[in-house]
Each structure stands twice: as structure tokens, then as C-alpha cells.
Amino acid sequence: MIKVLDLKYEEYSQWEDLSDQDLIVINKAKEARNSAYANYSNFKVGAALLLDNGKILTGNNQENAAYPSGLCAERTAIFYTIANYPSAKIIKMAVVAGKDDNSSIPVSPCGACRQVLIEYEFRQKMPIEFLFTGMKGKVIKFNQCADLLPFSFNESAL
Ligand code: THU
């Protein structure tokens, strides 16, 4: 039997089409990107998370001369958030990335980051909205991180 996955996401052609709240979080991610430590790839990424207590926490990619020791913006931001606000729930996360300040290619999160995101989504029993975009232009929005990684490995298997 062949089964087909139905995946729903939203696409916005420009940042101005987003809700005020989404735009605020995206702009925080863009701001955070400026402080990325991406000396080796020159590919800067910023991430921002909105919590149910109203706080917005940010992070960016952190590279290292020993390349695999670096960490993506998404995991830098979410680990910091969970470490400092373990009982808060994450409403949404936005990621802004680009090789240069004019890039309009939405950059989707790597597999390892997706795995980490769904861990916390499972844990908080509430969907985490996920938005990603370049420095301008198209924005992709998922209503839950589980949709970013179908057939994920999670605690229910343990
Ligand atoms: N990177 C992120 O921070 N997030 C992503 O979603 C994709 C890749 C970083 C890792 C590395 O510092 C640089 O971008 C190039 O791969």
C-alpha cells in the first residue's frame, strides 16, 4: 500500500505580509544574525524564539577552527532558551540567514536542528511555529516543527 504524506505550510512573498508578531520575531532573528561568529563559512544565521511569557530570546551560529565543534543558530538559541527558561513554552521560532545582506533564499534548518526542535515540541505538548527566510523576500512558515521531520525518532520509541 502506498501512503502519501500531506504537509501543510504557508508561504509569504514578502515580510510585510506577515502578522505583526511574526515580523517582530523575524526582525529579532535578523538582528541576532549580525553577531554570528561565522568566520569560516561566512554564512551568518540568526534565530529568535518567542516564549509564552512574552520574552524573545535569540541566538546565532557559532563556528570553530575545529569545524564540527561549531553549532547552528537554531540549537544555540533553543538550548540557551530551555536552559534559562525550562518551564516556559515556546510559541514560535524564526530563522534569518544569508551569505550576504541581500540574499532572498529562505534557508531551512538542518536535520540535527529539526531533531532538537521536535524534542522540545514533544516535551511542551504544544506546537512550535517555525518561520524561515533569507534577508528579505519569501518566508516559509510551518505550524509545528514535527512537520519539518516526518517519521522522526522520539521518546515514544524508547
Ligand atoms: N547553519 C545554521 O546556523 N543553521 C542552519 O539552519 C543551516 C546552517 C550554520 C552552520 C554553519 O555555521 C554555517 O551555517 C554554514 O553551514
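The structure displayed is predicted, hence computed values, not measured ones.

Participant: Is there a simple way to think about the overall build of the protein in this case?
Facilitator: Counting its regular elements, the protein contains 3 helices and 6 strands. Each helix and strand of the protein, ordered N terminal to C terminal, gives the series β-α-β-β-α-β-α-β-β. For a compact globule of 158 residues, the expected C-alpha radius of gyration is about 15 Å, and the protein comes in at 15 Å, within 12% of that figure. Dimensions of the protein, computed from C-alpha atoms along their principal axes, come out at roughly 45 × 40 × 35 Å. Across the 158 residues of the protein, 41% fall into the buried class. Positive and negative side-chain charges in the protein, numbering 17 and 18 respectively, have mean positions lying 3 Å apart.

Participant: So what exactly am I meant to see when it comes to the nonpolar core here?
Facilitator: Nonpolar side chains in soluble globular proteins tend to end up buried together. Counting residues in each nonpolar core, the largest one holds 25 residues, and the members touching the most others are I78, I90, M93, L117, F130 and C145. L117 has contacts with I78, M93, I128, F130, C145 and L148, leaving out every residue within four places of it along the chain. Counting residues in hydrophobic clusters, the runner-up holds 13 residues, among them Y12, I26, A48 and V96.

Participant: I tried to follow the environment of N102 on my own but got confused; where do I start?
Facilitator: Take N102: it is sitting in the loop between β4 (90-98) and α3 (111-124). On the basis of relative accessible area, N102 is assigned to the exposed category, the value being 54%. For the pair N102 and L158, spaced 56 residues apart in the sequence, the C-alpha separation amounts to 44 Å.

Participant: What exactly am I supposed to notice about unusual backbone geometry here?
Facilitator: With a phi angle near 60°, N42 is a residue other than glycine that sits in the positive phi range. With a phi angle near 60°, F151 is a residue other than glycine that sits in the positive phi range. By secondary structure assignment, the location of F151 is in the segment after β6 (139-142).

About the criteria used
Residues numbered from 1 in each chain as written. Predicted model: local features only at pLDDT ≥ 70, side-chain atom pairs only at ≥ 80, totals over all residues. Heavy atoms only, no water. Helix = DSSP H or I, 4+ residues; strand = E, 2+ residues; numbered from the N terminus. Rg over C-alpha atoms; globule rule 2.2 N^0.38 Å. Buried < 20%, exposed > 50% of the residue type's maximum accessible area, 1.4 Å probe, protein only. Lys, Arg positive; Asp, Glu negative; His and termini not counted. Charge placed at Lys NZ, Arg CZ, Asp CG, Glu CD. Core = buried A, V, L, I, M, F, W, Y, C linked by side-chain atoms within 4.5 Å. Contact = heavy atoms within 4.5 Å.

Functional significance is not addressed by these values, which are geometric in nature.
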